[in-house]
Amino acid sequence: YSSKDLHGIEFIDSYVFNQAEDIRFNSTVGKYVGYTELGLKNAETWNKGSVLARELGELERYCKPHAAIAYSNVLDKTGEQG
């Protein structure tokens, strides 16, 4: 995110095997995207089921509250010397 109002916040969940990204969920895209043969198969399956619904909820459930805490604890205090 790039502003205090968290408007541009984005949740990304990547799955990597042997240093290669197989599949990624990006909240801006709103679905899983596969990058390997296995990733493509999993993305197709996960985008149809409850896995996608769970991931869509993570932005609101986890990211926004924790980002707000981090912003207030860290970013608001940068630049001040005391």
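Counting restarts for each chain: residues are numbered from 1 in the order of the written sequence. It should be noted that, the model being predicted, local features are given only for residues of pLDDT at least 70 and side-chain atom pairs only at 80 or more, the latter also being counted only at that level, while totals for whole chains, interfaces and linings use all residues. Values reported for side chains reflect all heavy atoms of the structure, with hydrogen atoms and water molecules removed beforehand.

A. Summary view of the overall build of the protein chain. When helices and strands are counted, the protein chain shows two helices and three strands. Each helix is a run of DSSP H or I of at least 4 residues and each strand a run of E of at least 2, with the numbering of both proceeding from the N terminus. Counted from the first residue to the last, the protein chain has its helices and strands arranged as β-β-β-α-α. Burial status follows relative accessibility: with a 1.4 Å probe on protein chains alone, a residue under 20% of its type maximum counts as buried, one over 50% as exposed, and anything between as partly exposed. The buried share among the 82 residues of the protein chain stands at 23%. Any pair of residues with heavy atoms lying within 4.5 Å of one another is described as a contacting pair. Sequence separation of at least 24 residues holds for 32% of the intrachain contacts in the protein chain that already meet a minimum separation of 6.

B. Local environment of the packing of aromatic side chains. What counts as a ring pair is set by centres within 6.5 Å for rings of Phe, Tyr and Trp (its six-membered ring), and what kind of pair is set by the plane angle: stacked under 30 degrees, edge-to-face over 60, tilted for all other angles. Per the counting criterion, the structure on display carries four aromatic pairs. Both rings, one in F11 and one in F25, keep their centres 6.0 Å apart while their planes meet at 50°; by these two values the pair is tilted. Of the two residues, F11 is situated in the segment before β1 (12-17) and F25 in strand β2 (residues 20-26); the sequence distance between them amounts to 14 residues. Residue classification places F11 among the buried positions, given a relative accessible area of 14%. Note on F25: relative accessible area 0%, which makes it buried. With a centroid separation of 5.0 Å and an interplanar angle of 75°, the aromatic rings of Y32 and W46 are classed as edge-to-face. Of this pair, Y32 sits in strand β3 (residues 31-34) while W46 sits in helix α1 (residues 37-46), and the two are 14 residues apart along the sequence. Here the aromatic cluster, defined as three or more aromatic residues joined through ring pairs, consists of F11, Y15, F25, Y32 and W46.

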